[in-house]
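Read off the chains here:
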Amino acid sequence: MSIGILCHPDEAESVQPALERLKSQQISAWRLGAATDEEMEAHPDAELLVAVGGDGTFLLASRLASKADIPVMGVNRGKLGFLTDVELPDLDRAVASFLDGTAPREQHRLLAYSLAGEDGTEKSGVAVNDVVVRAPRIAAIRISVRTDGELLGDFDADGLVIATALGSTGYALSGGGPPIDPRIQGIVFVPLAPHAVVSRAIVLPNTVSLRLTVEKGPAFLATDGDQQALLGDDAEIAVTPGPFITVLRSPQGASWLQRLRTKARYGIPLRDSVEGRGNRHRQQTLLAGGESVTD
């Protein structure tokens, strides 16, 4: 059994005890330093990759794990941590549930993308969360979109987001898209600030192929928050079904609906949210030995 741990350099010291405990169980545990494909290939016997950090660390680990065809487990050490549900003190129990086969599993299909360059080269890769095409400044661009060869629409907008179900609670949600339950095998297509009366976000099957043509730029292509290329007029991006990734969840972790309520504040009345902040403020003031002035 071989398990890799990917973490932010600031977390290297905090994960060391977990590494030692795994090794004491006769598990070959190691920490990724450079977080490259070559480093993963040096461990062909790896059966699990653990991401310790925030959502960004989880996205990087997921891309590496998808290429190695192994599951990924997210340990939350970030500020939001919507994609991760294991806490560091619970890592041992979470790994034990993986070893005995009781860890809940989610299957997610990633997005594959490719872009033909003007010099004939092709840039391609996979995205765990989303593929984004948008204007580099405050100006509308026009993008023509076809899905499985059929015209979906010509969009005058700040840009477009194509997100997986896993990524539907990220940038796509901020752009007005719906959160997608991970049990639904779909993707969400979100126009960003469209110049049209009706250009709502829509949900499509995750088996469709999309072709995006920049008819009026300039624009840029970004995947999982990382800019990949600048795009001029007539640039074409293909977004197709990608590989699957298995995400392991903690048996003690919060459900997707619980994370949606607590992290994204979904379904929580505004008054309750305001009163909750007021209560926390009063508690903090009293603990500090002062008097609260909040009604």
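Quick note: structure is the one above.
Scope of this entry: the structure provided in the associated data block. (Residues numbered from 1 in each chain as written. Predicted model: local features only at pLDDT ≥ 70, side-chain atom pairs only at ≥ 80, totals over all residues. Heavy atoms only, no water.)

**Quick notes on the overall build of the protein chain**
Point 1. Each helix and strand in the protein chain was counted, giving seven helices and 17 strands.
Point 2. Here the protein chain holds 295 residues, and the buried ones make up 46% of them.
Point 3. Once local pairs closer than 6 in sequence are excluded, the contacts in the protein chain between residues at least 24 apart make up 63%.
Point 4. Of the roughly 15000 Å² of accessible surface on the protein chain, 50% is carried by carbon and sulfur atoms. (Helix = DSSP H or I, 4+ residues; strand = E, 2+ residues; numbered from the N terminus. Buried < 20%, exposed > 50% of the residue type's maximum accessible area, 1.4 Å probe, protein only. Contact = heavy atoms within 4.5 Å. Areas by Shrake-Rupley, 256 points an atom, 1.4 Å probe, with all protein chains shown as cover.)

**Some thoughts on the packing of aromatic side chains**
Point 1. Inspection of the entire model under this criterion finds one aromatic pair.
Point 2. Ring plane angle 55 degrees and centroid distance 5.3 Å describe the contact between F155 and F189, whose orientation is recorded as tilted. Here F155, found in strand β10 (residues 150–157), pairs with F189, found in strand β12 (residues 186–192); they are 34 residues apart in sequence, far enough to count as distant.
Point 3. Classification of F155 by relative accessible area gives buried; the value is 11%. (Phe/Tyr/Trp six-rings, centres within 6.5 Å; stacked < 30°, edge-to-face > 60°.)

**What to know about the pattern of salt bridges**
Point 1. Under the counting rule described, the total for this entry stands at nine salt bridges.
Point 2. Between R183 and D181 there is a salt bridge; the shortest N-O distance is 2.8 Å.
Point 3. Several salt bridges converge on common partners, so that one network encompasses D85, E106 and R249. (Salt bridge = Lys/Arg side-chain N within 4 Å of Asp/Glu carboxyl O.)

**Topic: the pairing of strand β15 (residues 219–223)**
Point 1. Most of β15 sits inside the fold, with five of its five residues counted as buried.
Point 2. By the bridge criterion, four bridges tie strand β8 (residues 130–134) to β15 in an arrangement that is antiparallel. Counted as the bridge partner of V131 is T223 from β15.
Point 3. Two elements, β15 and strand β16 (residues 226–231), share five bridges in a ladder whose sense is antiparallel. Its bridge partner being in β16, A219 is matched across the sheet by L231.
Point 4. Connecting β15 to the antiparallel partner β16 that follows it, the hairpin turn spans two residues, and D224 within it adopts a positive phi of roughly 50 degrees. (Pairing = 2+ DSSP bridges.)

**Remarks on the nonpolar core**
Note on soluble globular proteins: their nonpolar side chains tend to be buried together.
Point 1. Counting residues in hydrophobic clusters, the biggest one holds 27 residues, and the most contacted among them are V133, L210, L212, L231 and I237.
Point 2. With sequence-adjacent residues up to four places away left out, I237 is seen in contact with S114, L115, V133, L210, R211, L212, V214, L221 and L231.
Point 3. Judged by nonpolar contacts, the second largest core, of 22 residues, contains L32, F58, L83 and V247. (Core = buried A, V, L, I, M, F, W, Y, C linked by side-chain atoms within 4.5 Å.)

**Details of helix α4 (residues 91–99)**
Point 1. Residues of α4 that are buried include every one of L91, A94, V95, S97 and F98, and no others. All buried residues of α4 lie within an arc of 155 degrees about the axis, which places them on one face of the element.
Point 2. Once α4 ends, the next one or two residues include G101, with phi positive near 80 degrees. (Arc of directions from axis to C-beta.)

**Considering unusual backbone geometry**
Point 1. With omega at 0 degrees, the peptide bond leading from G217 into P218 counts as cis.
Point 2. Structurally, P218 can be placed in the loop between β14 (210–216) and β15.
Point 3. Residue A193 is not a glycine yet carries a positive backbone phi of 45 degrees.
Point 4. Along the chain, A193 falls in the loop between β12 and β13 (202–205).
Point 5. A positive phi is found at D234, a non-glycine position, where the angle reads about 75 degrees.
Point 6. The topology assignment puts D234 in the loop between β16 and β17 (236–248).
Point 7. The class of D234 is exposed, set by a relative accessible area of 62%.

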